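# Chain and residue survey
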Amino acid sequence: MVQPKLIIHGGAGSSLKGKGGIEGLRQTLYGILDDAYSLLRAGKCAKDAVVRGCQLLENEPRFNAGTGSVLQSDGQVRMSASLMDGTSQQFSGVINVSRVKNPIELVDYLQQERDRILSDYGAAELARELQCPIADPITDNRLEEWLQDRQDNFRRGMANVIAEPVEDDNAGRGTIGVVALDAEGRLAAGTSTGGKGFERIGRVSDSAMPAGNYATRLAAVSCTGIGEDIIDECLAAKIVIRVSDGMSLQAAMEKSFAEATENQRDLGAIALDAQGHIAWGKTSDVVLAAYTDGDRHGDSLEAEPGTQVQAI
Ligand code: ASP
C-alpha cells in the first residue's frame, strides 16, 4: 500500500494582482482537494478521484471549464476534456462539446469504448445517447467579458482564462486539471477547458491531446496555458516519457521547463510519479496548483513570477 497523493490546478497565466482574494481561492482549491482525496482514502482508484476532482472544478464558475467556460469568437462555448488512466494507459477525450454540464463525465464513459476520442457532433450524439441533461455553461461574467471584447473588435488575443485580479470574485479562472496516485500505486490524469476564449470556430485545445494530459504507470501530468505552446512542446507526454526513460520527476520537470522557457512558451503543469513525488512547474507568472498527501496541503499560489519548478 502507498500513501495516496493528489494535485489539482485551476489554470496558469498572468499575475494574481493584489493578494486580497488569494485566501478564498486557496480555500476553494483545498475544499475540492479534500473531497476528491476522500475517494482515495476510501480505496477508490486514481481515475475515479480524477473524475470527481474534475467535476467539482468544472462546477466552480471561477474556472474556465464546464460552468464558467470562456466564449469563443462566435459567442458560443465549446469545451474539451480528456482522461488518461496510467494503468491501462488508455486516453479518452471530447473536443469542442457544447451544452453539457460535465464534459469529464463523457470522457469517463469513453474510457471503456472502442472509439475513445469524439469531436463536436459525435460528442453531442453521445451526450444524447447517455441522456445527459442539456446544460448552459455560460455565466453572466463570461457573457459580459465577450460583449466587451466584441466592442473592442476582439483585440485581446484570448479571454481572461487565467488569473483575474483577485479583488473580485472571479479570481483565478483557468483550465482545470487533476492528477492522482491511489493506495495501490495507480496513476491517472484529467484535464478540462473552455479553450482560450475568442478563438476561431473549430480550434482544438491541447487539453484533449496527450500533449496536454498524459499518464503511464510511472508518471502522470496535466497542463495549462496557451494550448499551441503546450502542443509545440508536447509537454505532458514529454515529461512522462522522460520519467519512463529513467529521469526523476524533478529532473524531467526541470529539463522540460528549461526548454519551454528557451522557446518562450506560456504554460504550466502539475505532475505525480509512482513513488509519490508531487511536482508543479510554470513559465507563466502563476499556476494555480494545490496538492495534498492526506495530512498536509500545499500550493503554488504565492510563487514568484517566471519559470519555476517545485518537486516535493
Ligand atoms: N490550454 C487551454 C487551451 O489552450 C487554455 C488554458 O489552459 O487555460 O485551450
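Scroll up to find the structure.
Residues numbered from 1 in each chain as written. Predicted model: local features only at pLDDT ≥ 70, side-chain atom pairs only at ≥ 80, totals over all residues. Heavy atoms only, no water.

Another point: the site of the ligand. Taken together, 13 residues are adjacent to the ligand, and Thr-175, Ser-205, Asp-206, Thr-224 and Gly-225 come closest. Arg-203 is positioned with one of its side-chain polar atoms (N or O) 2.8 Å from an oxygen atom of the ligand. The separation between a nitrogen atom of the ligand and a polar side-chain atom of Asp-206 is 2.7 Å. Contact with the protein chains removes 100% of the 270 Å² of surface that the ligand exposes when unbound. Of all the secondary-structure elements, those providing two or more residues to the shell around the ligand are β8 (219-225) and α6 (227-233). Split into classes, the residues belonging to the shell around the ligand amount to three nonpolar, seven polar and three charged. (Near = heavy atom within 4 Å. Polar contact = N/O pair within 3.5 Å; in protein donor to acceptor, adjacent residues only side chain to side chain. Areas by Shrake-Rupley, 256 points an atom, 1.4 Å probe, with all protein chains shown as cover. Helix = DSSP H or I, 4+ residues; strand = E, 2+ residues; numbered from the N terminus. Nonpolar A, V, L, I, M, F, W, Y, C, P; charged D, E, K, R; others polar.)

Looking now at the nonpolar core. Leu-6, Ile-8, Leu-29, Leu-57 and Val-94 are the most contacted members of the largest nonpolar core, which totals 45 residues. Per element, the largest residue contribution to this core is nine residues, and it comes from helix α1 (residues 22-41). The residues touching Leu-29, leaving out its near neighbours within four places in the chain, are Ile-8, Leu-57, Phe-63, Leu-288, Ala-290 and Leu-301. Among the nonpolar cores identified, the runner-up in size contains 38 residues, and Ala-12, Val-179, Met-253 and Ala-269 belong to it. (Core = buried A, V, L, I, M, F, W, Y, C linked by side-chain atoms within 4.5 Å. Buried < 20%, exposed > 50% of the residue type's maximum accessible area, 1.4 Å probe, protein only. Contact = heavy atoms within 4.5 Å.)

What the eight strands build is an open sheet, ordered β4-β3-β2-β6-β5-β1-β11-β12; its pairing is mixed. Lying at the two open borders of the sheet, with one neighbouring strand each, are β4 (117-119) and β12 (297-299). Between one strand axis and the next, the sheet turns by 10° as a mean value, whatever way the strands run. On the sheet, helix α2 (residues 46-59) packs against β1 (5-13), β2 (79-85), β5 (176-181) and β6 (187-193) and is oriented at approximately 155° with respect to β5. (Pairing = 2+ DSSP bridges. Axes fitted to C-alpha atoms, helices over the stretch in contact; angles between N-to-C directions.)

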